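Observations on chain architecture
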Amino acid sequence: MRVFVTGATGFIGTAIVRELKAAGHEVLGLARSDAAATTLERSGVQAHRGELSDLGSLVAGARACEGVIHTAFIHDFSQYVAAAETDRRAVEALAGALEGLGKPFVSTSGTAMLTPGRLGTEADAPSPGSAAGPRAATETIVMESARRGVRASVVRLPPSVHGAGDHAFVPALIDIARRTGVSAFVGEGANRWPAVHRLDAARLFRLALESAKPGTRLHGVADEGIALRTLAEAIGAGLGVPVRSIGGDEARAHFDWLAGFITIDNPTSSAITRDTLGWRPREPDLLTDMRDNGYFTKTA
Ligand SMILES: NC(=O)c1ccc[n+]([C@@H]2O[C@H](COP(=O)([O-])OP(=O)(O)OC[C@H]3O[C@@H](n4cnc5c(N)ncnc54)[C@H](OP(=O)(O)O)[C@@H]3O)[C@@H](O)[C@H]2O)c1
């Protein structure tokens, strides 16, 4: 199948592109710059010039293909609400381009938008008051497009998608611990984050593209929930710095833009996803990956 991939140059998108090509699919990758187009073409992927805010470019890309995987996102957490709104409009345009065609549309969502404090499942709708609440509207648009002839599904990703090239929350926590000389957790540190390896996530996106039914919510989750205290201890051991509990009032100064995520309790099941698509994570879990695969060797 010819697949339009947004975010094709990103951490997860790159893995999805490789996964698709290995399975015999052809990829048209969204590129917002000459550099991105060159990167794609060097890896044998046709580039489609465009931008998340240029809705016409997204519609043209979607119409040129038999399926769409959407992973692009503006990761400026100081402008998170605006980034979520750009994403919502992009998803509306992509879904609109596919209406009535029965083609697959796999979009990205997050487990952090589930109700905190209890095991989240694929049957749960997003909770607007959650840490990732501003992105909840996007997921709703995808689900609604399934009723208008789009074979639409969402893959919810956990706060840590890890693997070679990770530049997200866990490397940010490591940088904070290195800079401050302490690996901190808030209160008891009993709150949990789920996690998945990017190669397992990429395989799930491919499986969803190939066979998810319209209106399916999927969880790309391998570790159901790692206590933040355990994560802080792994970081402390990896860097050789002390591990310490801090109060909620200190968390804003210590964790800066990450403060809103560091206390979420987001245990998440992927049992329905495993049953529905036969997906099985194969790669190392987060703590093993951190220990064995260079998370502590980078300079800050
Ligand atoms: N990584 C994680 O731990 C994690 C966890 C939960 C959810 N997610 C979600 O998974 C998805 C993929 O994340 P990722 O880690 O692969 O992100 P990433 O490495 O930051 O890549 C973002 C991608 O989006 C593209 N992009 C950014 N702004 C754009 C714009 N204005 N127009 C067009 N393209 C634009 C980037 O293009 P350039 O190459 O040109 O910059 C890049 O291809 C996102 O929805 C993210 O929020 C990720």
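Look a little higher up for the structure.
Notes on the structure follow. The model shown is predicted, which means the values in this text are computed figures rather than measured ones. (Residues numbered from 1 in each chain as written. Predicted model: local features only at pLDDT ≥ 70, side-chain atom pairs only at ≥ 80, totals over all residues. Heavy atoms only, no water.)

A tally of helices and strands in the protein yields twelve helices and twelve strands. Against the globule reference of 19 Å for 300 residues, the protein gives a C-alpha radius of gyration of 19 Å, in line with a compact fold. Once the C-alpha set of the protein is aligned to its principal axes, its extents read approximately 55 × 40 × 35 Å. Split into buried and exposed, the 300 residues of the protein put 55% on the buried side. Considering only contacts within the protein whose residues lie at least 6 apart along the sequence, 78% involve residues at least 24 apart. In the form shown here, the protein has an accessible surface area of approximately 12,400 Å², with 50% of it arising from carbon and sulfur atoms. (Helix = DSSP H or I, 4+ residues; strand = E, 2+ residues; numbered from the N terminus. Rg over C-alpha atoms; globule rule 2.2 N^0.38 Å. Buried < 20%, exposed > 50% of the residue type's maximum accessible area, 1.4 Å probe, protein only. Contact = heavy atoms within 4.5 Å. Areas by Shrake-Rupley, 256 points an atom, 1.4 Å probe, with all protein chains shown as cover.)

This part is about the site of the ligand. In the vicinity of the ligand lie 22 residues, with T9, I12, R32, H75 and R135 positioned nearest. The contact in question runs from an oxygen atom of the ligand to an N or O atom on the backbone of F73, over 3.4 Å. A distance of 2.7 Å is found between an oxygen atom of the ligand and a side-chain nitrogen or oxygen belonging to R135. Protein contacts shield 85% of the accessible area of the ligand, which totals 900 Å² for the unbound molecule. (Near = heavy atom within 4 Å. Polar contact = N/O pair within 3.5 Å; in protein donor to acceptor, adjacent residues only side chain to side chain.)

Here three strands make up an open sheet; going across it, the order is β7-β9-β11 and the pairing mixed. Among the strands making up the open sheet, the edge pair consists of β7 (160-162) and β11 (223-227). Across the sheet, the mean angle separating the axes of adjacent strands is 40° when strand polarity is ignored. Summarising the sheet, strand β9 (residues 192-197) and β11 pair through three bridges and their orientation is antiparallel. Paired with R192 across the bridge in β11 is A227. (Pairing = 2+ DSSP bridges. Axes fitted to C-alpha atoms, helices over the stretch in contact; angles between N-to-C directions.)

Another point: the side chain of S127. Relative to the assigned elements, S127 resides in the loop between β5 (104-110) and α5 (136-145). Looking at S127, the relative accessible area reads 16%, which means it is buried.

Core analysis: the largest hydrophobic core is formed by 34 residues, its most contacted members being L173, W193, L231, I235, F255, L258 and M290. With seven residues, the single largest contributor to this core is helix α6 (residues 169-180). Each residue touching L173, except ones within four places of it in the same chain, is listed here: W193, L231, I235, F255, L258 and I262. The next biggest cluster of nonpolar side chains, apart from the first, holds 33 residues, and it includes A15, V106, V161 and A208. (Core = buried A, V, L, I, M, F, W, Y, C linked by side-chain atoms within 4.5 Å.)

The subject of this paragraph is helix α2 (residues 34-42). Among the residues making up α2, those that are buried are A36, A37 and L40. Across the axial projection of α2, the buried residues extend over an arc of 100°, all falling on one side. The exposed residues of α2 that point more than 90 degrees off its buried face are D34, A35 and R42. Check the buried side of α2 and you find it contacts β2 (26-31) and β3 (46-49). (Arc of directions from axis to C-beta.)

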